[in-house]
Amino acid sequence: MKIVVTELNWPNGIELLQSKGWEVVYDPDLWKNRDRLREELVSADAVIVRNQTMVDAELLGWNHRLKVIGRLGVGLDNIDLQAAAEKNIQVIFGKNANATSVAEYVISGIFAFSRLLIEATESVRSGDWNRKKFSGTEISGKTLGLIGVGEIGHRVAVRAKSLGLKVVGYDPFVAPYDFPVMETGIELVGYEQVIAESDFISLHVPLTPQTRNLMNIDIFRKMKKTSIVINSARGGVVNETDLELALKSGIIAGAVLDVLDQEPPPAGHPLLQRENCIITPHIAGLTEESQIRTAELVSAEVANELEGRISLCRVNVKR
């Protein structure tokens, strides 16, 4: 077997595949060179990617022996699932392996705007001692709104409720008696109510034609002026031009973005100039612990598929 890994992976995942005596081609920058990528993939049985490799119909047409695509994460918008299904190529993803890390990122984003520890430290280092300026606000008693109440949204809610936040959520695919509602206490409400009532809004939806530009200027105008938007889902869900206007005009108070429409952003991107916008380089799920889990899970499940066992992490697509 030959497995090609086109993006950053942790050593334990590579070692697991190599322990089977298989050929493993690992180059974290391979996704950048389409010609070299083609050379390696022509003879591959499996390819393992993150979110930068565009696994489109063209790529899938290079190889007639490819059996499995492994995704080191959960987002699938860079993979043509329909084209893969038509060629009977199984897609495996890192099911829930980084969910805890993303949930903790969201909570850290909430605290980043509530208790300005970094800014206060910089102020003290400059010779100031301004206790009034950095008094901050409590998050207890505030409302967190979840757009998407799946696995990650549920884990965010567990942590938020333990900190005293009220949690409301909108998700058309969650029923009234599902676990997040009955056992975690997320209050399912309409989309407009989440937008209007929440002090913090955290996005947990895939990027689809329906969710692109889901957060736009019309929605921002319906939010509290003190509200914070946190996007650890996918770039494109937030209309960045509208967000910049909302932040600049004081329509909303701030934003935490781990994902952008273009990654990395072009020089001079307007949001980079906004002090009330925190931007991180797509790291919400990228902790040491989560990547050890993700590398092991995806490698093991790709191996299962190559050895004729059905993976529990298959993405099922109707042909």
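Residues numbered from 1 in each chain as written. Predicted model: local features only at pLDDT ≥ 70, side-chain atom pairs only at ≥ 80, totals over all residues. Heavy atoms only, no water.

Participant: Help me understand the domain arrangement of the protein chain in this model?
Facilitator: A common way to report how large an interface is uses the accessible area buried once the components associate. The domain boundaries assigned to the protein chain delineate domain 1 (2–93 + 288–307) and domain 2 (98–279). When each unit is reduced to the centre of its C-alpha atoms, the spacing between domain 1 and domain 2 is 32 Å. Taken together, the nine residues of domain 1 in the interface contact six residues of domain 2. For the pairing of domain 1 and domain 2, the buried interface totals around 590 Å² over both sides, and the portion due to carbon and sulfur atoms is 36%. Where domain 1 meets domain 2, there are one salt bridge. Here arginine 234 ties to aspartate 77 by a salt bridge, and the two come within 2.8 Å at their closest N and O atoms. (Domains from an automatic or database assignment. Contact = heavy atoms within 4.5 Å. Buried area = accessible area lost by both parts, 1.4 Å probe. Salt bridge = Lys/Arg side-chain N within 4 Å of Asp/Glu carboxyl O.)

Participant: Please clarify how the environment of valine 124 should be interpreted in this entry.
Facilitator: In this structure, valine 124 sits in helix α6 (residues 117–125). Using a relative accessible area of 41% as the deciding quantity, one classes valine 124 as partly exposed. Remark: the alpha-carbon pair of valine 124 and proline 281, spanning 157 residues in sequence, is separated by 28 Å. (Helix = DSSP H or I, 4+ residues; strand = E, 2+ residues; numbered from the N terminus. Buried < 20%, exposed > 50% of the residue type's maximum accessible area, 1.4 Å probe, protein only.)

Participant: I'm lost on the layout of surface pockets in this one. Help?
Facilitator: Think of a ball as big as a water molecule: rolled over the atoms, this probe shows where empty space is left. Space inside the second largest pocket adds up to approximately 470 Å³. In this structure, the second largest pocket is lined by 18 residues; those nearest its centre are Ala112, Phe113, Leu116, Ile228 and Ala253. Residue classes in the lining of the second largest pocket are distributed as eight nonpolar, four polar and six charged. (1 Å grid on protein atoms, 1.4 Å probe; cavity = no way out; pocket = protein on both sides within 12 Å on 5 of 7 lines; lining within 4 Å. Points joined across faces, edges and corners; volume = space filled by probe spheres on them. Nonpolar A, V, L, I, M, F, W, Y, C, P; charged D, E, K, R; others polar.)

Participant: Quick question: what am I supposed to make of the sheet that holds strand β7 (residues 166–170) here?
Facilitator: Hydrogen bonds between backbone groups are what pair the strands of a sheet, and the pairing can be parallel or antiparallel. Taken together, the seven strands give an open sheet; going across it, the order is β8-β7-β6-β9-β10-β11-β12, and neighbouring strands pair in parallel fashion. Either end of the sheet is taken by a strand with one partner, and the two such strands are β8 (187–188) and β12 (277–279). The sheet contact formed by β7 and β8 spans two bridges and is parallel. Looking at β8, one finds that glycine 169 is bridged to leucine 188. Set on the sheet, helix α5 (residues 99–114) makes contact with β6 (143–147), β9 (200–203), β10 (228–231), β11 (254–257) and β12; between it and β11 the angle comes to about 150°. (Pairing = 2+ DSSP bridges. Axes fitted to C-alpha atoms, helices over the stretch in contact; angles between N-to-C directions.)

Participant: Looking at this structure, how should I read the nonpolar core?
Facilitator: Judged by nonpolar contacts, the single largest core of 29 residues is most densely connected at Ile147, Leu203, Met215, Phe220, Met223, Leu243 and Ile252. Elements supplying a minimum of two residues to this core: α9 (191–197), β9, α10 (217–220), α11 (240–249) and β11. Apart from the residues lying within four places of it in its own chain, the contact partners of methionine 215 are Tyr191, Ile195, Ile201, Leu203, Phe220, Met223, Val229, Val237, Val238 and Asn239. Counting 25 residues, the second largest nonpolar core, distinct from the first, contains Ala103, Ile107, Leu144 and Val156. (Core = buried A, V, L, I, M, F, W, Y, C linked by side-chain atoms within 4.5 Å.)

Participant: Can you walk me through the UniProt feature "domain: D-isomer specific 2-hydroxyacid dehydrogenase NAD-binding" (unreviewed entry) in the protein chain in this structure?
Facilitator: The sites that carry the UniProt feature "domain: D-isomer specific 2-hydroxyacid dehydrogenase NAD-binding" (unreviewed entry) are, in the present numbering, residues 109–284. Taken end to end, residues 109–284 comprises 30% helix and 15% strand; its first and last C-alpha atoms sit 10 Å apart. (UniProt positions renumbered as here; feature names shortened; annotations may be inferred.)

Participant: Honestly, the packing of aromatic side chains in this entry has me stumped. Any pointers?
Facilitator: Given two aromatic rings, their pairing is described by the distance between the two centres and the angle made by the two planes. On inspection of all chains with the given rule, the structure shows one aromatic pair. Centre to centre, the rings of tyrosine 170 and tyrosine 191 are 5.6 Å apart; their planes meet at 55°, and the pair counts as tilted. Remark: tyrosine 191 occurs in helix α9 and tyrosine 170 occurs in strand β7; sequence separation between them is 21 residues. We classify tyrosine 170 as partly exposed; its relative accessible area is 29%. Here the guanidinium or amino end of lysine 20 rests over the ring plane of tryptophan 22, the centre of that ring lying 5.8 Å away. (Phe/Tyr/Trp six-rings, centres within 6.5 Å; stacked < 30°, edge-to-face > 60°. Lys NZ or Arg CZ within 6 Å of the ring centre and 35° of its normal.)

Participant: Help me out: how do you make sense of helix α7 (residues 151–162) in this one?
Facilitator: In an α-helix, one full turn covers 3.6 residues, which means residues spaced three or four apart are oriented alike. For α7, spanning 12 residues, the distance from its first C-alpha to its last is 17 Å, which sits close to the expected 16 Å at 1.5 Å a residue. When we look at burial in α7, the residues that qualify are Ile152, Gly153, His154, Val156, Ala157 and Ala160. Buried residues in α7 make contact with α5, β6, β7 and α8 (179–182). (Expected span 1.5 Å × (residues − 1).)

Participant: Teacher, can you tell me more about the UniProt feature "domain: D-isomer specific 2-hydroxyacid dehydrogenase catalytic" (unreviewed entry) in the protein chain here?
Facilitator: UniProt's entry tags residues 10–316 with the feature "domain: D-isomer specific 2-hydroxyacid dehydrogenase catalytic" (unreviewed entry), counted in the numbering of this structure. Helix and strand shares over residues 10–316 are 35% and 14% respectively, and the end C-alpha atoms of the span are 26 Å apart.

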